[in-house]
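Observations on chain architecture
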Amino acid sequence: VQTVTLEKGETKRIQAALLKKRLLDRIKWKKQLRSKAASKPIYKNGKIYVATERGEYIAVNENGKQVWKANIEKSIKSTPVIKNNKSFVANLDGNMMAIDNSSGKILWKQKLNGPLLFGAQPVFMSNNIFVGTSMGRMYKLDASNGKVLWDIDANGGIYGSIFFYRDMLYVGTD
């Protein structure tokens, strides 16, 4: 870092500008989306996945080139799960979908009673997807075809992520 002192107090501003330039030099690419990102970007196997507020689920490679785009119809307020070369995404209409991560093709879609909100994340375990919705429904879906294996009333909206620990499923409700 090169420091130049012009007057008292200006040294820090010059250092900050040089540090900002160094950080900006590290940016390899930028990708303009048609709308704001609605999910946290996820990196897996050389691709970055992100959902947008316009209902698009997009995969880009490590060079920023779009690989594919899937129409998930509505925005999401949850975090997708990526397992076995598939993305599992739930939109605001309560549709849970499996998307092939090689092609972007929607493999199956299952209507749930309510969306996942506030970053809630489905859980993948033993080729099943476990999902808790804001309408208080808890689902177990077959990850290969989306078939509902069970659906129970959780007696309150589920707004956080669910998790497994020692073969037990933990769910918090309001």
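Refer to the structure printed above.
These lines cover the structure that appears in this document, whether it is placed above or below. These numbers come from a predicted model, not from an experiment.

**Looking at the overall build of the protein**
The number of helices and strands found in the protein is 1 helix and 14 strands. Burial status across the protein gives 41% buried among its 174 residues. Intrachain contacts of the protein at a sequence separation of at least 6 include 33% that bridge at least 24 residues. Element-wise, carbon and sulfur atoms account for 50% of the exposed surface of the protein, whose accessible area totals about 10500 Å².

**Observations regarding the nonpolar core**
Residues Phe-88, Met-96, Leu-112, Ile-129, Val-131 and Leu-141 are the most contacted members of the largest nonpolar core, which totals 15 residues. Going through the elements one at a time, strand 6 (86–90), strand 7 (95–100), strand 10 (128–132) and strand 11 (137–142) are the ones with two or more residues in this core. Filtering out sequence-adjacent residues up to four positions away, Leu-112 remains in contact with Gly-94, Met-96, Val-131, Thr-133, Tyr-139 and Leu-141. Within the second largest apolar cluster, 14 residues are counted, among which are Ala-51, Val-89, Met-97 and Ile-99.

**Here's the deal with the sheet that holds strand 3 (residues 56–61)**
Where strands meet in a sheet, backbone hydrogen bonds hold them as pairs that are either parallel or antiparallel. Sheet architecture is open: 4 strands sit in the order 1-2-3-4, paired in antiparallel fashion. Of all the strands in the sheet, just strand 1 (42–44) and strand 4 (66–71) have a single pairing partner and so form its edges. Neighbouring strand axes in the sheet, compared pairwise and without regard to direction, differ in orientation by 20° on average. Both strand 1 and strand 2 (residues 47–51) contribute to a ladder of 3 bridges, which runs antiparallel. Within strand 2, the residue paired with Lys-44 across the bridge is Lys-47.

**Side note on unusual backbone geometry**
Despite not being glycine, Asn-85 has its phi angle at roughly 60°, a positive value. The backbone of Ser-126 sits at a positive phi, close to 55°, despite the residue not being glycine. By the secondary structure assignment, Ser-126 is in the loop between strand 9 (123–125) and strand 10. In this structure Ser-126 comes out as exposed when scored by relative accessible area, which is 60%.

**Quick notes on the environment of Asn-84**
Within the secondary structure, Asn-84 sits in the loop between strand 5 (81–83) and strand 6. On a C-alpha basis, the gap between Asn-84 and Asp-100 in space is 9.2 Å, while along the polypeptide they are 16 residues apart. When sequence neighbours within four positions are dropped, the list of residues in contact with Asn-84 reads Phe-124 and Asn-127.

The rules we used
Residues numbered from 1 in each chain as written. Predicted model: local features only at pLDDT ≥ 70, side-chain atom pairs only at ≥ 80, totals over all residues. Heavy atoms only, no water. Helix = DSSP H or I, 4+ residues; strand = E, 2+ residues; numbered from the N terminus. Buried < 20%, exposed > 50% of the residue type's maximum accessible area, 1.4 Å probe, protein only. Contact = heavy atoms within 4.5 Å. Areas by Shrake-Rupley, 256 points an atom, 1.4 Å probe, with all protein chains shown as cover. Core = buried A, V, L, I, M, F, W, Y, C linked by side-chain atoms within 4.5 Å. Pairing = 2+ DSSP bridges. Axes fitted to C-alpha atoms, helices over the stretch in contact; angles between N-to-C directions.

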